[in-house]
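Spelled out from the first residue to the last, the chains are:
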Amino acid sequence: MEDFYIVKSPIGNLKICEQENYITEIYLSKESGETKYFHRHSDLLYEAYTQLNEFFLGKRIEFDLSIKLKGTKFQNKVWNELRKIPYGQTRCYEDIAIGIGNRNAVRAVGQANNKNPIMIVIPCHRVINKNGSLGGFGCGSNIKRYLLNLERKLPV
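What counts and how
- Residues numbered from 1 in each chain as written.
- Predicted model: local features only at pLDDT ≥ 70, side-chain atom pairs only at ≥ 80, totals over all residues.
- Heavy atoms only, no water.
- Helix = DSSP H or I, 4+ residues; strand = E, 2+ residues; numbered from the N terminus.
- Rg over C-alpha atoms; globule rule 2.2 N^0.38 Å.
- Buried < 20%, exposed > 50% of the residue type's maximum accessible area, 1.4 Å probe, protein only.
- Pairing = 2+ DSSP bridges.
- Contact = heavy atoms within 4.5 Å.
- Arc of directions from axis to C-beta.
- Patch = residues over 30% accessible without salt bridge, like charges linked within 9 Å, V, L, I, M, F, W, Y side chains within 5 Å.
- Areas by Shrake-Rupley, 256 points an atom, 1.4 Å probe, with all protein chains shown as cover.
- Salt bridge = Lys/Arg side-chain N within 4 Å of Asp/Glu carboxyl O.
- Lys, Arg positive; Asp, Glu negative; His and termini not counted.
- Charge placed at Lys NZ, Arg CZ, Asp CG, Glu CD.
- Axes fitted to C-alpha atoms, helices over the stretch in contact; angles between N-to-C directions.
- Parallel < 35°, antiparallel > 145°, perpendicular 65-115°, else oblique.

### Side note on the overall build of the chain
Item 1. The helix and strand inventory of the chain stands at 5 helices and 6 strands.
Item 2. Along the chain, helices (α) and strands (β) appear in the sequence β-β-β-β-α-α-β-α-α-β-α when read from the amino end.
Item 3. What you see for the chain is a C-alpha radius of gyration of 15 Å, in line with the 15 Å of a compact globule of 156 residues.
Item 4. Summarising its shape, the C-alpha atoms of the chain cover approximately 45 × 35 × 25 Å along the three principal directions.

Shown next, in the form of structure tokens:
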């Protein structure tokens, strides 16, 4: 059974999903919610909620959450490589492809990036085009720009 919180954030309502004591998804939700709406309370969901709030306040640069990735072997390699991108920095798709040992997989890296199930914690927003332009983002370029600008300010 999946439990979840829907919480308001500066980028919209985020749905945080937990299954078997692991965060399995964080994504922008079209569901409306109060400041905090939950299907069932759990310590892990509350911790994820707290850490995301700290991130948006500029007080958290790393996440310490139990997560479980559900994807192909390739997608998991990409998502784990994304987690290595330091706060406030960016990498291009080619950097990620090289990082997973397949320089020619740039396009496939982009597709895996787009399927990232745990946004922000797995920082797909930190991946940009080689020429420095923002590139794509499933939640829209305005949200990507917001997250990148947020991270360029030093945490408190």
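### Considering the pairing of strand β2 (residues 12-19)
Successive residues of a regular strand alternate their side chains across the two faces of the sheet.
Item 1. With respect to burial, β2 is a largely interior element, 6 of its 8 residues being buried.
Item 2. Here strand β1 (residues 3-9) runs beside β2; their pairing, made up of 7 bridges, is antiparallel. Bridge pairing in β2 places Val7 opposite Leu14.
Item 3. Connecting the antiparallel pair β1 and β2 is a turn made up of 2 residues.
Item 4. As paired elements, β2 and strand β3 (residues 22-28) share 6 bridges and run antiparallel to each other. Along β3, the bridge assignment pairs Lys15 with Tyr27.
Item 5. Taking the residues between adjacent antiparallel strands as the criterion, β2 and β3 are bridged by 2 residues, where Glu20 takes a positive phi near 50°.

### Some points on the side chain of Arg126
Item 1. By secondary structure assignment, the location of Arg126 is in the loop between α4 (106-114) and β6 (127-128).
Item 2. What Arg126 contacts, discounting residues up to four positions off in sequence, is Ile61, Ile85, Pro86, Tyr87, Gly88, Gln89, Thr90, Arg91, Leu148 and Glu151.

### Here's the deal with α4
Item 1. Here α4 has its buried residues at Val109, Ala112 and Asn113. Along α4, the residues classed as buried sweep out an arc of 105° about the axis, all on the same side. Exposed and oriented more than 90 degrees from the buried face of α4 are Arg107, Gln111 and Asn114.
Item 2. For α4, the secondary structure elements touched by its buried residues are α2 (73-82), α3 (93-99) and β6.

### Notes on a negative patch on the surface
Item 1. Residues Asp43, Glu47, Glu62 and Asp64 make up a contiguous surface patch of negative charge.
Item 2. Mapping Asp43 onto the fold places it in helix α1 (residues 43-56).

### A look at the packing of α2 against α4
Item 1. The geometry of α2 relative to α4 is characterised by a closest axis approach of 9 Å and an angle of 80° between their N-to-C directions. Relative to α4, the element α2 lies roughly perpendicular. Where α2 abuts α4, its residues Phe74, Gln75, Val78, Trp79 and Leu82 lie against Ala108, Val109, Ala112 and Asn113.

### Comments concerning unusual backbone geometry
Item 1. One non-glycine residue, Glu20, adopts positive backbone phi at about 50°.
Item 2. Position of Glu20 relative to the elements: it lies in the loop between β2 and β3.
Item 3. Backbone geometry places Ile120, a non-glycine residue, at a positive phi of 70°.

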